[in-house]
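The residues making up each chain are set out below.
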Amino acid sequence: MALVKFGGSVSAILISILFTTLIMQSASNTPNDNPIPTQLPGRNALLMGAAWYPEQWPESRWETDLSLMESAHLNVVRITEFAWSTMEPSEGHYEFGWLDRAIRLAEKHHVAVVLGTPTATPPAWLTQKYPETLRVEPNGQRVTHGNRAHGSVTSKKYEELCRGIVEQMARRYGHDPNVVGWQFDNEYGYALMSYNDEARAEFQNWLKTRYKTIESLNQHWTTAYWSEVYDDWSEIPIPVGGHNPGLMLDWKRFVTYAWTAHQQVQIDLIRQYADTRQFITGNFMGLGFDGLDHYTISRPLTFISWDNYVGSGHLDPVANGLSHDAMRGLLGQNYWLMETQPGAVNWHAINNFLNKGEVRAMAWHAVGHGADDVNYWQWRSALNGQEEMHGTLLGPDGTPVPLFEEVAQTAKEFSDAQSAFRGTTVTSQVALLNDYESRWAIDWQKHTSQYNTLGLLQNYYGALHRIAQSIDVVSPYAPLGGYKLVVAPSLNLIPETLANHLLAYAQNGGHLVLGPRSGMKDEYNALLPQRQPGYLVESLGSRVEQYYALEKDKSVHVSGPLGSGEASVWAEQLKTSAQDAEVLLRYGQSNGWLDGQPAVASRAYGKGRITYIGAVLDEKLTKIAADWLSQKSGVTAVFGPVPDGVEVNRRVGSGKQVFVLINFSSQRQNVALPHPMTVILGSVQNGDIQLDTYGVAILLDQK
Ligand code: GLA
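Novice: Got a minute to help me understand the overall build of the protein in this structure?
Specialist: Regarding its fold elements, the protein presents 18 helices and 26 strands. Dimensions of the protein, computed from C-alpha atoms along their principal axes, come out at roughly 80 × 75 × 45 Å. Here the protein holds 703 residues, and 62% of them are scored as buried. Residue pairs in contact within the protein that sit at least 24 positions apart in sequence constitute 74% of those at least 6 positions apart. Total accessible area on the protein stands at roughly 25,800 Å², and carbon and sulfur atoms take up 50% of it.

Novice: What is the right way to look at the sheet that holds strand β22 (residues 669-672) in this model?
Specialist: Within a sheet, neighbouring strands are paired by backbone hydrogen bonds and run either parallel or antiparallel to one another. Strand order in the open sheet formed by three strands is β22-β25-β24, and the pairing between neighbours is antiparallel. Of all the strands in the sheet, the pair left with one neighbour each is β22 and β24 (683-685). The mean inter-strand angle of the sheet, taken between neighbouring strand axes irrespective of direction, is 40 degrees. In this sheet, strand β25 (residues 688-691) lies alongside β24 in antiparallel orientation, the contact comprising three bridges. Counterpart to Val-684 in the pairing with β25 is Ile-689.

Novice: I would appreciate a short explanation of the packing of helix α2 (residues 59-71) against helix α4 (residues 97-108) in the present structure.
Specialist: The description of two helices packed together rests on the angle between their axes and the distance between the axes. Contact pair α2 / α4: the axes reach a minimum separation of 9 Å and the direction vectors enclose 30 degrees. Overall, the two elements α2 and α4 adopt an arrangement that is roughly parallel. Note on packing geometry: the crossing formed by α2 with α4 is right-handed. Listed contacts from α4 to Glu-59, Trp-62, Glu-63, Leu-66 and Glu-70 of α2 are Trp-98, Arg-101, Ala-102, Leu-105, Ala-106 and Lys-108. A per-class count over the contact of α2 with α4 returns six nonpolar, no polar and five charged.

Novice: Hey, could you run me through the site of the ligand in this one?
Specialist: Around the ligand, the structure places Phe-82, Arg-148, Asn-186, Glu-187, Asp-307, Tyr-309, Glu-339, Trp-347, Trp-377, Glu-387 and His-390. For the ligand, an oxygen atom lies 2.6 Å from a polar atom in the side chain of Glu-187. Within the side chain of Glu-339, a nitrogen or oxygen atom sits 2.5 Å from an oxygen atom of the ligand. Alone, the ligand offers 300 Å² of accessible surface; in the complex the protein occludes 96% of this. Residue classes in the shell around the ligand are distributed as four nonpolar, two polar and five charged.

Novice: Before we go on, may I ask you to explain the confidence of the model for the protein in this structure?
Specialist: Interpreting fine coordinate detail is not advised for predicted regions of low pLDDT. Put simply, the protein has an average pLDDT of 95, and 95% of its residues get 70 or more. Taken as a whole, residues 1-31 scores under 50 in pLDDT and shows 77 contacts with residues more than four places along the chain or in a different chain.

Novice: Where do I start with the packing of aromatic side chains in this structure?
Specialist: Geometry of an aromatic ring pair is reported as the spacing of the ring centres plus the angle between the planes. The full count for this structure, using the stated rule, is 33 aromatic pairs. Ring centres of Tyr-94 and Phe-96 lie 6.0 Å apart, and the angle between their planes is 0 degrees; this geometry places the pair in the stacked category. Accessibility expressed as a relative area gives 24% for Tyr-94, which makes it partly exposed. On the accessibility criterion, Phe-96 (5% relative accessible area) is buried. Arranged with centres 5.9 Å apart and planes meeting at 35 degrees, the rings of Trp-364 and Phe-421 form a pair that is tilted. Here Trp-364, found in helix α12 (residues 358-368), pairs with Phe-421, found in helix α13 (residues 403-421); they are 57 residues apart in sequence, far enough to count as distant. Aromatic ring contacts, followed pair by pair, group Tyr-195, Phe-203, Trp-206, Trp-251, Phe-254 and Tyr-257 into a single cluster. Geometry around Trp-57 places Arg-380 over its ring, the cationic atom sitting 3.8 Å from the centre. The cationic tip of Arg-517 hangs over the ring face of Trp-570; the distance from NZ or CZ to the ring centre is 3.9 Å.

Novice: Explain the side chain of Glu-228 to me, please; I cannot follow it from the model alone.
Specialist: Summarising the element assignment, Glu-228 is placed in the loop between α8 (214-221) and α9 (245-273). With no salt bridge to any partner, buried Glu-228 finds its closest opposite charge in Lys-521, at an N-O distance of 13 Å. With residues up to four places along the chain from it excluded, the contact list for Glu-228 reads Thr-223 and Asn-244.

Novice: Would you explain the nonpolar core in this entry?
Specialist: Most often, soluble globular proteins keep nonpolar side chains buried together rather than apart. With 166 residues, the main nonpolar core has Leu-115, Ile-236, Trp-259, Trp-364, Trp-379 and Phe-421 as its most contacted residues. For this core, the leading source of residues is α9, giving twelve residues. Other than its neighbours up to four places away in sequence, Leu-115 contacts Ile-79, Thr-80, Leu-99, Ile-103, Met-169, Tyr-173, Val-179, Gly-181, Trp-182 and Gln-183. Counting residues in each nonpolar core, the second largest holds 27 residues, with Val-474, Tyr-483, Tyr-505 and Leu-540 among its members.

Novice: Would you explain the pattern of salt bridges in this entry?
Specialist: Side-chain pairing between opposite charges can occur once the charged atoms of the two side chains come close. One pass over the structure, following the stated rule, counts 34 salt bridges. Where Arg-61 meets Asp-65, a salt bridge forms, and the shortest distance between an N and an O atom there is 2.9 Å. Here the residue Arg-61 and the residue Asp-65 both occupy positions in helix α2, the gap between them amounting to four residues, near one helical turn. By relative accessible area, Arg-61 is classed as buried at 16%. On the basis of relative accessible area, Asp-65 is assigned to the buried category, the value being 1%. One connected set of salt bridges, linked through shared partners, spans Arg-210, Asp-250, Arg-253 and Glu-437.

Novice: Explain the environment of Ile-270 here, please?
Specialist: Locating Ile-270 in the fold gives a position in helix α9. The sequence separation of Ile-270 and Ser-666 amounts to 396 residues, and the corresponding C-alpha distance is 48 Å. The residues contacting Ile-270, other than those within four sequence positions of it, are Thr-117, Val-166, Ala-170, Trp-182 and Ile-280.

Novice: Where do I start with the environment of Pro-54 in this structure?
Specialist: Here Pro-54 is to be found in the loop between β1 (47-51) and α2. Linking Pro-54 and Ala-83, residues 29 residues apart in sequence, is a C-alpha distance of 9.2 Å. If we skip the residues at most four places from it in the chain, Pro-54 touches Trp-62, Ile-79, Trp-98 and Ala-102.

Novice: Hey, could you run me through the pairing of strand β2 (residues 76-79) in this one?
Specialist: On a regular strand, each side chain points to the face opposite its neighbour's, so the side chains alternate between the two faces of the sheet. Side chains of β2 alternate between two faces, with Val-76 and Arg-78 and Val-77 and Ile-79 buried alike. In this structure, β1 lies alongside β2, joined through three bridges in parallel fashion. In the strand pairing of β2, Ala-50 is matched with Val-77. With four bridges connecting them, β2 and strand β3 (residues 112-116) associate as parallel partners. Residue Val-77 lies in a different strand from β3, and its bridge partner there is Val-113.

What counts, and where the lines are drawn
Residues numbered from 1 in each chain as written. Predicted model: local features only at pLDDT ≥ 70, side-chain atom pairs only at ≥ 80, totals over all residues. Heavy atoms only, no water. Helix = DSSP H or I, 4+ residues; strand = E, 2+ residues; numbered from the N terminus. Buried < 20%, exposed > 50% of the residue type's maximum accessible area, 1.4 Å probe, protein only. Contact = heavy atoms within 4.5 Å. Areas by Shrake-Rupley, 256 points an atom, 1.4 Å probe, with all protein chains shown as cover. Pairing = 2+ DSSP bridges. Axes fitted to C-alpha atoms, helices over the stretch in contact; angles between N-to-C directions. Parallel < 35°, antiparallel > 145°, perpendicular 65-115°, else oblique. Left-handed = near helix turned anticlockwise from the far one by under 90°. Nonpolar A, V, L, I, M, F, W, Y, C, P; charged D, E, K, R; others polar. Near = heavy atom within 4 Å. Polar contact = N/O pair within 3.5 Å; in protein donor to acceptor, adjacent residues only side chain to side chain. pLDDT = per-residue confidence, 0-100. Phe/Tyr/Trp six-rings, centres within 6.5 Å; stacked < 30°, edge-to-face > 60°. Lys NZ or Arg CZ within 6 Å of the ring centre and 35° of its normal. Lys, Arg positive; Asp, Glu negative; His and termini not counted. Salt bridge = Lys/Arg side-chain N within 4 Å of Asp/Glu carboxyl O. Core = buried A, V, L, I, M, F, W, Y, C linked by side-chain atoms within 4.5 Å.

Following this line, the structure appears as structure tokens:
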């Protein structure tokens, strides 16, 4: 069984030089040496809680809230992430008495506190007095006060003011026994930036550090194109809309850098004053959000957390499972759901409520994928403010809504089952490679509006999860040695260092699979002066002769030893050069160029294998390909057969494995146990597990 521990490892700044050091550093950056930092010493291994805003309510109400939480087995609140104006009502004048009392009251009710640094909502006195702290939009207009994420992370004045409040909080609560950790800002301000002279000058300085000479920058960006040549750093613009791809990629790296630096200022302050017992996390927004490189920015965190919302419709276990696994893969360790949906949100076109039982299934689904805490956003809606209509656990009258009971039941189950999960995490035999830089590069030059990088990742994820029942989603720079199969559906940027890393993996016995558009560009977002997959052509014994965007709704038949089916959207014409390169699929009749040409090539390499899939395959064929890849690589299911619609996930550690089974189908399902196990949660009849729709079973298998 492959047991893989790693940290995120892509440097946004100096990818190739820092590559090895970053992988090595990632483990040591965590001040908390608890092997599973999401499971807090002295507390349940599984926690459940809510976002609570005591500053919005009279103090006389707090005890009622906390008693209700305690009675419902909720044991965490995240507070203060929007409370700057209450904590610092005027410049340099701090009011923490209310917060002291709120934390003590929470302690009395056995509710642990996570403090959010409030820098996503600078107060009105601040933005009024220092307008330069407000972001400037790409159209040149300064944002107005009154929403959130309006501060500019590149403003020196803003940073100074953020330091002030965070230092005060860290000094005061860094040793508080009921404060278990910190959340940086809120959702990384959606990675919004200021488009003003201060930001531009900082970007130019950053470029100077990266390239050293303007000639080097001109060369890597090929600025002779369209007369873009720069003589001086000060001439370089912030890209707005379409621009030079090298400039655009570096701007995204700079965005990541600026937010990482903003985060680091706060981390350093907290670490200066706080016990190492207190964790520091940031609340990400899942795989769908790619405003910055999450691998880079998560590196200094104790663990990551994310905010999991379905939005409209219902939970798609494949799409949501992929997001869970991708977020777990940022640091290669368990995580928290700092926020999740209490039935409905308020920001979609149709804010339907999740079905009865679905919120509970969603919470256990998160645990199965590696979450150790699930917090609902939010406890009770403020009586005014932008989100009056969002789902809550209490109504405006302060009494429970119908969903409350389901959440309380789930929280009780978390408490009852928690010891089974202690010391466990997710380990997998299969990894999917997720790369923010490749995703940006493709999305900026899609070539066909139909190409969907995340969609393709999800196709492979769905097909492979069905087989392996456990998948890691990691950076291409992560250590890969423990995996039997590594699939990179659209790894557009493969600089030489990365190519060597991937080749070493295959050389040592792994099976590397590259999807369409792989190995086309270098780390400057420049085309490689080779055909795809660039530095891997020789080892693959094949190359891409030409790529073709296929006409809308026109697919091409593909067939060969792998099977047969349809390819659509994107098709690459491969050519083998090595005698032992096998062609697994060929195109049928299409545009003439593709007719009869190889679509998929595979070759044994070292102790392993490299396979290149040059087309977007239909769902059935993707499943066939996933079966072949898994068989060829010796991938096995972690549990065993389950009926369609039932998802199984596994957590392993401390001499046990724990399975989480959930029925997402609309029928009742029976699942046969592969061997006897202890049923922690769920019903058994005639030795089978019985699962109603949204039914959950937790099975403990002591090894
Ligand atoms: C985000 C924010 C919360 C709240 C929710 C609503 O996750 O972090 O403050 O606005 O969305 O869904």
